[in-house]
Structure formats: C-alpha cells, structure tokens
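# Structural characterization, general
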2 protein chains.
Amino acid sequence: MSHDDQLAAKGIGRRGFINTAALASLAGVVACTEKPAESAAAAPAAPAAGGHAAPAGVHPKPGELDSYYGLWSGGHTGDVRVLGLPSGREIHRIPVFNPDALVGWGITNESKKVMGTKANGDLRYTVADTHHVHASYKDGNYDGRYAWVNDKINGRMARIRLDYFVCDKITEIPNIQGFHGIFPDKADPVDPKINYTTRVFAGAEFSIPLPNNGKDAGKAEAYRSLFTCVDAETMEVRWQALIDGNCDLVATSYDGKLAATNQYNTEMGAVYADMMSAERDACAFFNIARIEEAVKAGKSKTYGDSKVPVVDCTRASNKDPKTALVGYVSVPKNPHGVNASPDGKYFICAGKLSPTGTVIELAKVLDWFDGKMEKLDDAIVAEVELGLGPLHTAFDGRGNAYTTLFLDSQVVKWNIEKAIAFHKGDKNAKYVVDRVDLSYQPGHLNASQSETKAADGKWLAIGCKFSKDRFLPVGPLHPENEQLVDISGDKMTLVADHPVRGEPHDFIIFKRDLLKPKQVYELDDFPLATKDPAQGGIKREGNKVTVRLTSQAPAFSMTEIKLKKGDNVTLILTNLDKVEDLTHGFAIPKYNVNFIVNPQETASVSFVADKPGIFWAYCTHFCHALHLEMRSRIIVEG
Amino acid sequence: MSHDDQLAAKGIGRRGFINTAALASLAGVVACTEKPAESAAAAPAAPAAGGHAAPAGVHPKPGELDSYYGLWSGGHTGDVRVLGLPSGREIHRIPVFNPDALVGWGITNESKKVMGTKANGDLRYTVADTHHVHASYKDGNYDGRYAWVNDKINGRMARIRLDYFVCDKITEIPNIQGFHGIFPDKADPVDPKINYTTRVFAGAEFSIPLPNNGKDAGKAEAYRSLFTCVDAETMEVRWQALIDGNCDLVATSYDGKLAATNQYNTEMGAVYADMMSAERDACAFFNIARIEEAVKAGKSKTYGDSKVPVVDCTRASNKDPKTALVGYVSVPKNPHGVNASPDGKYFICAGKLSPTGTVIELAKVLDWFDGKMEKLDDAIVAEVELGLGPLHTAFDGRGNAYTTLFLDSQVVKWNIEKAIAFHKGDKNAKYVVDRVDLSYQPGHLNASQSETKAADGKWLAIGCKFSKDRFLPVGPLHPENEQLVDISGDKMTLVADHPVRGEPHDFIIFKRDLLKPKQVYELDDFPLATKDPAQGGIKREGNKVTVRLTSQAPAFSMTEIKLKKGDNVTLILTNLDKVEDLTHGFAIPKYNVNFIVNPQETASVSFVADKPGIFWAYCTHFCHALHLEMRSRIIVEG
C-alpha cells in the first residue's frame, strides 16, 4: 500500500496530514493565499509518496563509486558531512565547531588551537549551529581548495581544507549575532586575473546594540546588523558594513562585482509580529569594489574592542547611486533565500510569506550603480507566483529554476525566461513546468553543480525538515528526510529518501573529479613529528614531561611509560604507518584522552598525571589482527 | 571494470592488495597457516568486489520502510546508532557516553546527571569507546525494553531505553580496565518464571593491580582481571569474579545457567609477544547460580573503596567441578569471539591466531559442573579449520554458522553438525558450505535475529575495518565498510556496501515489529515541566534566578528575559507542542547553550550570566515557516 493510500485508509488526505505539523498558526499571516498562476500544461502534483523504482545508477552496486560529492552542513552537530551522491551514503564527517570524540577534535592540542580556548585551556565553545557550506571557486566552478561553513550561535566562520577534509581555521566575527548566510566570491571585482575566490561574505541575522555591552538594551534604534567580508586565505575579517534591516542568506555574482543578502526583517522588529508588518522587505546588493575603496580611503569606523573597519551601508548614506556602496531592491514579505543563476544573469529571491519568486537582473543592478537606471526596483524582471512558502532555488543549467515550497511541501520547476515573459505581460507564458510532492516541508535544496557555471541538471537533493512516517520510528527525535529527485528529464522523479541526523540545512553537490583528496599525510607537515622510533622516549624537566611516541601496527614504540603523580605531561604521537586507511587511536583510561592519528600524522595531548596507578593506553582504531594487543602501559607512581 | 579487474590491471591480485594493509608482520605469528580442510563441493570465493545487482527489497522505494532495525555501537564516537536494514540507512544516533551538540547531551542538567560530573559540575568524561550493543531478552527473543553498550576506555556500562531511544543510566564499574565484552542474560538460572533479562555481564580485558593505586606496578602477579555482573534494572554492580587470564567477549546461555568469556591472554602478558606465547588460551564458563549462592553466603572480598563483593573464580580455587564457580575450556591461540547458537546448544569460539572454530556443547559443560564428565575439554565437540584470522560467528537458524576471517577478508559459511561429524572422524563431512570475499578485513558480523531463538537467516551484515577504495576518497580518515550479504539461499550474495563512521565494532539486527517506540513524550514524566505558559516566568531569589519557559511553534512563551550580570540562572524549557516530529531547539549565543526539546519534553540548563549585553536566544531546530523569527531576547544588564 502506498503512503498516500495508507493515509487515505486512515481517512486523512495528504494535505490534512502535513498540516498536522504546526502550520495552522501561519495561515493567517500568509500575505497571499491564492493559488499561483499555473501553466495549463503543467501536470498535477506527482503522487510521489508511494515511491518509484529507482533508475539505474541511484544505488551503486557494491564496489561502485558515487559520481558526485555532497558537502552537507551538519546543523547543530557543528560538523560538515561528506556524502556520496546519488547513493546518499555518508562517507565522512568533518569535525569543525564542536568536539568530536572519534578523532579527538577538542582533545588534541592541535585541534584545540583551531577551535579556540579560554584562559584555562578549556574549549571556548562546545555548541554550534552550522547552516550553509560553500566551496571555493575558480572560473565559475569549484576548484577543490576550500569549503566554508558558518556557526550561527557564536558568529564563527570555519574553513575546511578539501585536500585532507579537515578544518584548519575558525574565525569569530565581531559585532554580530546570528551569523546565517555565507558565500565565497567567485572573482575579484576589479582584477580580472583573480578569477577565483579570495573573499567570503557573511550575513548577520540578529540586530544588536553596537557595541553590545548591556547599556542600550532598551533603545530600538541602537540595534543594527552588519554584513561582513572575511579574507579567504588569512581568514581575517577584512571589513564590515553597517546596514538597515537584517541579513539572511548571501549570494555572489560570477563577475565578483556584487554580493547580496536577502532581508526578512527590514522592520528590525524584535518579535515576530513586528518582523512581519511590512508587505515588502528587500535584497541588499553590495558594490564590493566601492566598499573596498571606501575602506582604503579610511571612510570607516570601529565598534568596541574590534579593529575591523565598518563602512556605512545604510539607506540614508547611500542615496546617490553613483557613489552608493549598497542598493536595496524590494522583495515581497520576509523573503528567504537568494540564489545566483548559473548563467550569471540573475539572483532569485523567494518570498517565504509571499507565494512569489522575484528575479533580479544583475546587469540592471550594475546599471543603477552606474547611474544608467533611475529606480533600482526596475532590476526586478520577474515576480511570479510559485506556491505557498517558497524558500530556496536551484538550477539545472537549462534555464529552469527549482524552488522549494515549504507550506505546499513541494518543489516547483519553473522556467526563468518564461517567468520574465509572463511578468512582462505575456499571460500565455507557461512558466511552471512541473511540481513534485515532498515528505515533508522542504527547506534548502540544491542540484548537482547548481551554484556553478557547470550546472548539469542531473540530480536535485531537497532537505525536508520533517520525516514523520518515512522511516522506522526511533522515538521522539525524528531524522530529517533528504529526498533525491532525478531532474534529467522534463518531469521530476522522486527516487530516494535519505534520512539524515538533524539538521543539515544546506549542501552543495559537485562532480567527483573536481576533488583530488590526499589519502596519507606528509610527515614533514607536522613540526612535532617523531620520524624514527629511536628519536622517541621520555624527556623530563622537573615535573614537565614530554613523551614522544610512534605507532606502527600492531605496536606503539614504548611498551611502558613511567610518570610521577603531578607531572605535567605532553604526549606526542606520530603514526609511522604509511598504508592508506591505517589509522591508529590512542586512549588513556580515566584520563579522558582519546584521539586518532592517520597515516603519517602527528598529534599531541597534554594532561596532568593526577591519578596514581596503572593505565593501559591502547589503540582504539582497529588496525591489525593484533589490534587488541596493541597497548602501552602507563605507570603513574603514587 | 570490476574491482578485481582493476587490481589485475595494476598487476596486483586481490590477496596482494589486501596485504598492503599492515598484516605482513603477522604472517610469522599465525600458528597454523595451512589452508583449512575445505569441502570439495564448496565453490571458490565469489568474485564479490565487482558487485551484484541488488535483489528486490535491498533499496526501499521512497516512502517504504525497512523491515529490520539495526542497533550499531558507535565505537569512539561513544553513541549508539539506529539503522534501518536492509537499506543501511542511519535513522538515529543515540548519544550515550560523549556529549552530543545536536540534542544538548552533556549541556542539559538532565543529561549531565546521567553522564556523571566532577565536583565542579564539568563532565567526568568526554571520550569513550563503545564496542558492543545488546538488547534485553524475553523467551529467547528481544523484548524491546532495553539495550546496553560498553565504554572500554573508562569501564562504563550504559543502558538505552528502547521506547524513547535514549540513554537513561550509566554505571562505572570498579576495579577494572578495558571493559570489552558485554551480554545480558536471557533467563534466570534458578527461577523459571524469570524468562527475561535481569543481569548484564561485563568482561574486563586489561589486568591491573588490585587495588590500582600505583603501588604494585612492578608485581606481575598482582595484575588481575574481573568478570562483572550488573543488575539490569537498577544498573548497580551485583558482584564481580576474580579470574585467571583476561576477558574478551561475553556470551550467555538461553537457560540462564551459564555465562562465558573468551580469553586471549591467559598468559597475562603485558606486551603482545608475551600475550601470544601459549598455543591454547581459554573460554571461561561461569556457573551463575553457584556464584550468586557464594555471594549470598558471604564468600567474597572487596577491593579498595569498592563495596562490590568479589568471588574467587581462579583455577586454583575451583578444582572440584561439583563446587566450582567457573570452568576453563581450552581454545586455540588468542581466540576472539564467543557466540551462542540459536538452538541453545553451543557456544562457538574463533581462533584469531589459529585458523579454527571451536564448538563447545553447553549440556556437556553442565555435565562437568554436575560431576558427570571428568575433563571439561570434552565439552569441545568440534574444532575445525575455517580460514585465516577467524573472529566472530553469526547464525541463520538453519544449522549454519558464518564466521569472519580477518586475514582472508572473507566470511565462511559452515554447517555446525557437519563440523561436529568431521571432528568425530567423518572426514567426508563437508562442513564448509560457502565463502564470500569482503572488502576488507572483517571484524564483527551479525545476521538478522542471529542472537535469538528466532534467527531467520535473511541478512548478514559484516563490519569491515578497512574500506580503502570502496567509496569516494575523503582524505586520510576512511569510513569503515559495513557490507550486506543476502544469506537466504545456499550461496551468499554480497548486495551492498554501507560506509559508516568509525568505528562501530558490533551490532544487532532484529525485526521491526519487536519495537514499539513512543514518538511523543509524556508531559507528566518531567517533574520540572511547565504545563501552561501562564505558569512560566522569572523567579528571583537573590542572584539565584529560575526561568520557566515554554515553546509552541513559532514562539517561546517569553519574548524577553531580563537578567543581571552575575546571576546564577537555571532555565527550564518545556515544549508544549504535541505534534510528532515537532522538536524545538534553544541556543544562547556566546553562552555555550544549545539543546533541543522534543514534543512534550522538558529540559533545563544552568549558567552564570557573566557577560552583559543582548543575546538573542533562538530556536535551532527547524519547526515552522516562521522558525527564523522564533526568538527570545535575553538582556544581561551590565
């Protein structure tokens, strides 16, 4: 019995079922509840829930590799997940903002340095909320160098090295709260030789008094949001921009000239009723070259202890387009999502509380900045009805856009040029191509290569926020449901449900040959490496003890490590095994130590030997038939 | 091109390839390297790596549910993972020993109480190493009440409630290190009415001086291991048994009379050369009824600060079978794994460094305890060659056993009764039925319902320790490869590769109708619940502040929470939403607070309001179209 049949048997239709989610209270606030202008030719929603037989290639045979990588933000697990597509198999989790007991992230001295510590050496934060992961570009496609991910809770940006799939830098951005949108640039706005990513932009969602010292809590006018630019290489904050309203998502143009953020709270309200009062909000476009000229010219200020230059991007200070650093394009009611089409021509904002998609032509935005167009809103070349609760848009490289409809629990496929024609007045332009029902309440979606010039229109993944009945029940906390849709044909075909641990939010999907990962580390990349077991051993200076240890399956270089109670110990472990996949672990019972060393990697931990006794340090990562026997006896003399 | 063909093209055969893993150093220590006695009828190893088209049912269509649950131990991620089988989809991770930033495990006061804290309120441990997960029994099958999992690093046992899929108790076992094997009993040894689990047994792998206070480090004879019994309901340690040698895995009989642990280090060596010196080690059988009589009679001692009674199960004190608490059956060289056949008749130990499987008949062990059989080793009814590096054994309920061969990278299917006949002298008994190549180096395996009387011989999952080339490369840390084999026919068929994050070790698979999870909590189960938003608010006693908050999508009950710098705050959040899957999160920027509340759940956090300013607490778990707008402004006055 199909899912819909099951619901029918229970006497509830699909719409009734999805509305048992807490959506009832929203009905009154949706600006426009008419059904959108639909193509007469468009098929009714496909009966997706019953499922289709998966086409060839969706489920690789044993030993077959996936054809696409997916980088998934981990939500409040604070990590980045690496999936193979189309199988949806999770191949890796990259620990980023939060401790990870598998690799010893937050345990080793090296990871603690990346994560940031308090004065007492404890981690500064152990919670995070990642939303968006995006990768570095060259010539409009991913170049396999870096990915970046945000932490909304604590306003941090992290960088992932895509050669080793590790996080190497984390930057806490000053003067902001609710860092949500993030996007790297794709080229330099001025220098055409720099046809690759050198900046990463960050949007702050929550407005706070500046500086945020508890003094101006009651002054509504003191609350502001900043848009931030981080250097892609140094990971230092280059500049910030004071804006009107807030920042949500971020998009960047292929020519490097424009970055934009949609704004769902131009009202700058503190409670949601206030945040919804305006019928139109905005998408703010930043003129990067002009902002950086202003910074260079010293036309900036600073807040509190921060040394970061802040330029003025408020409406009041940017009335003249010819000198404006920013332009605000109006977009209907609490828009969510701004996405750049792969042809480089448009940014598309979704209405969230308006059933519309707004298409903004970038050439016209540049015309406005050049004084060639009077009203910035004339850059809006289409504003068409798509369905209820539009959030995010992906692309297939064939002129079609795919927008998630949160309230309708659908994705709608629509043709951009036909939408423009419809908006211009051609009411016969049938811009809606297809719809597919989802399970349930989709947020982000992304298509293979969608956010590059190489969008290939093969697969579409959709992050459904509720899975409800789609997987075996596992108690109150449900997985989310990442659904996979084949978009290679005219009609969309739902081919798989992939449960994921909450809550990934957003992801990118790209061809596997864009990455060239390294499977074994370089010994020389680690200054503390012990290159020969003979160089290892224990060095003592008073109660400061350094233990240099190596691992080669199935043994550590020292079978016994003698310490005295009260010693301040730093233990440095180098894995001398060179074979791919031959990782060792090192745990010390009762001392809260466990970490791994991958082939040719060196890592260290520091601890006080405060408990006398015998402690069998052992290899925690299965390495060999004699793995269980791989131990080193630590003796702490009482 | 198949995987094997690819290897052939590179000029290396499959064996050569797998031996690039660090196995070379083992060749010299394997006791017996002859190829095992093979059935003439047995097929050569199936060319598995090239993959087969998956049979119907392996990949559920969208909306179709899996037919089996899998409970997977999380290795050093310290959690328990819930998979759907046969799809291999991970539906849930249950945080257990380590903090989990998604749910706020280790952040909320409720979870910290389960996990255990130091005097200063910090978590006692943030690392763990889980190996084995097993569930409670009734009438020889899982009854869906509990599962248990071990932490090898810190000697802890945890219990999972299988109604809500949460960990509710963790016990740190005294006097041990390297808690490895764990198994619940299946019945009471004396009272036939107790046909369900009331005890959980734990084996300690590492021998330590007793008590372990740093005094007897040099005295080899002071080093001992204990076998432990924990009460399944109270989770308190009932008793411990001092043994000769160490403990590895644990098995229990269906009649409740016997528990056993295999011993790979009867030599009690400290380095692996010593641990391998004996040609035969042992499997120790505990007579549970006699041990508990001894405890009741006060025939026990205690160690150090522990109050747990310890009985004497050394060889020297248990020479008379009629009074013995324990019997040691000899098993070849460093055995790994002891598994109970579903007919209740046999325990099977695998040789690890011997290419053999040893079949021990339980009725004969009981005969020995009853004085009816002179030599305990006469309980060995078969000891047959299986292949190189045998580790663990699963069953299909049709008389066949499936044993992983770590060095051969295979699973061998063999018939138990034919092995017994072969051992008796019938050299025509063809006990090896089939072999299948794995990728690569399998450790644990388990078949659907294998460890119950309802073993159904449908699916076999195998935890391969190395995945090498089986998935897209993701840097030095590779996933492990859980391979799925269809065992419903005479021949085994490899049907899927499932990557898993390291390193799961062990798992159980059972029919979905054995569990009846609850999807929504009961408000009354939480003493701190705020049942009506009107009962919420801020209560202040000096600088002790209690905030009682509720959530109902898309809002928290308080839009503003005013605090003073230095306040000791306890914030209690009740999720009043009742709809399945409607979870909310609550994060406070810069205060290191994030946790979730599932429908009708209450959770609390405590913190000192030490940073003045505005902090937008917000919902971190997507709940509603106005999720982004769901906030509460915390004002900490400076």
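Residues numbered from 1 in each chain as written. Chains lettered and ligands numbered in written order. Predicted model: local features only at pLDDT ≥ 70, side-chain atom pairs only at ≥ 80, totals over all residues. Heavy atoms only, no water.

## Digging into the overall build of chain A
The cut-off we apply is this: Helix and strand definitions here come from DSSP, where helices need a minimum of 4 consecutive H or I residues and strands a minimum of 2 consecutive E residues; each element is numbered from the N-terminal end. Relative accessibility under 20% of the residue-type maximum defines a buried residue, over 50% an exposed one, and the middle range a partly exposed one, all with a 1.4 Å probe and only protein chains included. Whether two residues are in contact is decided by their heavy atoms: any pair within 4.5 Å suffices. Each accessible area is a Shrake-Rupley estimate made with a 1.4 Å probe; only the visible protein chains count as cover when residues are assessed.
What chain A contains, in helices and strands, is seven helices and 40 strands. Overall, chain A is about 85 × 65 × 50 Å in size when its C-alpha atoms are taken along their principal axes. The buried share of chain A, reckoned over its 638 residues, is 66%. Considering only contacts within chain A whose residues lie at least 6 apart along the sequence, 61% involve residues at least 24 apart. A total accessible area of about 20200 Å² is found for chain A, and carbon and sulfur atoms account for 50% of it.

## So, the sheet that holds strand S15 (residues 280–287) of chain B
All names here are of chain B. To be explicit about the condition: Strands pair, by our definition, only if DSSP identifies at least two bridges between them. Axes here mean lines fitted to C-alpha atoms, for a helix over just the part in contact, with angles spanning 0 to 180 degrees between N-to-C directions.
Spatially, four strands are ordered S13-S14-S15-S17 in an open sheet, and the strand pairing comes out antiparallel. Strand pairing shows two members of the sheet lacking a second neighbour, strand S13 (250–252) and strand S17 (326–332), which therefore form its edges. For this sheet the average axis-to-axis angle between neighbouring strands, irrespective of direction, equals 25 degrees. For S15 and S17, the ladder comprises seven bridges, and the chain directions are antiparallel.

## A short note on helix H7 (residues 416–424) of chain B
Residues and elements named next belong to chain B. In plain terms, the rule: To be clear, the arc concerns the directions from the helix axis to the C-beta atoms. Throughout this description, a polar contact denotes any pair of N or O atoms lying within 3.5 Å of each other; where both atoms belong to protein, one of them has to be capable of donating a hydrogen while the other can accept it, and for residues adjacent in sequence the pair is counted only when both atoms sit in side chains.
If you check which residues of H7 are buried, you get Ile 416, Ala 419, Ile 420 and Phe 422. Looking down the long axis of H7, one finds its buried residues gathered within 160 degrees of arc, a one-sided arrangement. Sitting at the amino-terminal end of H7 is Asn 415, which places a side-chain oxygen 3.2 Å from the backbone nitrogen of Glu 417. Immediately beyond the C-terminal end of H7, within one or two residues, lies Gly 425, with a positive phi of roughly 130 degrees.

## A closer look at the pairing of strand S5 (residues 141–151) of chain A
Consecutive side chains of a regular strand alternate in pointing toward one face of the sheet and then the other. Residue and element names in this part refer to chain A. Most of S5 is tucked away, with nine of its eleven residues classed as buried. Across five bridges, strand S4 (residues 133–138) lies against S5 in antiparallel orientation. Bridged to Val 133 within S5 is Val 149. Between S4 and S5, which pair antiparallel and follow one another directly, the connecting turn spans two residues, one of which, Asp 139, has a positive phi of 50 degrees. Relative to strand S6 (residues 156–161), S5 runs antiparallel, the two sharing six bridges.

## Concerning the environment of Asp 255 of chain A
All names here are of chain A. You can see Asp 255 is positioned in the loop between strand S13 (250–252) and strand S14 (258–263). Distance from Asp 255 to Thr 546, taken between C-alpha atoms, is 52 Å for residues 291 residues apart in sequence. A distance of 2.5 Å separates the side chain of Asp 255 from the side chain of Ser 253, its partner in a polar contact. Within polar-contact distance, the side chain of Asp 255 engages the backbone nitrogen of Lys 257 at 2.9 Å.

## Observations concerning the pairing of strand S23 (residues 400–405) of chain B
Residue and element names in this part refer to chain B. Burial analysis of S23 places six of its six residues in the buried class, which makes it a mostly covered element. Of the two faces of S23, the one holding Asn 400, Tyr 402 and Thr 404 and the one holding Ala 401, Thr 403 and Leu 405 are both buried throughout. Summarising the sheet, strand S22 (residues 390–395) and S23 pair through four bridges and their orientation is antiparallel. Considered in S23, the bridge of Pro 390 is made with Leu 405. Here S22 folds back onto S23 in antiparallel fashion, the turn holding four residues, of which Gly 397 has a positive phi close to 75 degrees. Here S23 runs beside strand S24 (residues 410–415); their pairing, made up of six bridges, is antiparallel. If you follow Asn 400 over to S24, its bridge partner there is Asn 415.

## Quick notes on the interface of chain A and chain B
The following threshold applies: Two parts placed together each lose some accessible area under a 1.4 Å probe, and adding up what both lose gives the buried area. Between Lys or Arg on one side and Asp or Glu on the other, a salt bridge is scored when a side-chain nitrogen of the former is within 4 Å of a carboxyl oxygen of the latter. In this count, Pro and Cys sit with the nonpolar residues alongside Ala, Val, Leu, Ile, Met, Phe, Trp and Tyr, while Asp, Glu, Lys and Arg are called charged and the others, Gly among them, polar.
Between chain A and chain B, the contact holds 146 residues from the first and 147 residues from the second. For the pairing of chain A and chain B, the buried interface totals around 12400 Å² over both sides, and the portion due to carbon and sulfur atoms is 61%. Summed over the shared surface of chain A and chain B, the result is eight salt bridges. Asp 100 of chain B serves as the salt-bridge partner of Arg 501 of chain A, at 2.8 Å between the closest nitrogen and oxygen. The class makeup of the residues in the side of chain A that touches chain B is 76 nonpolar, 38 polar and 32 charged.

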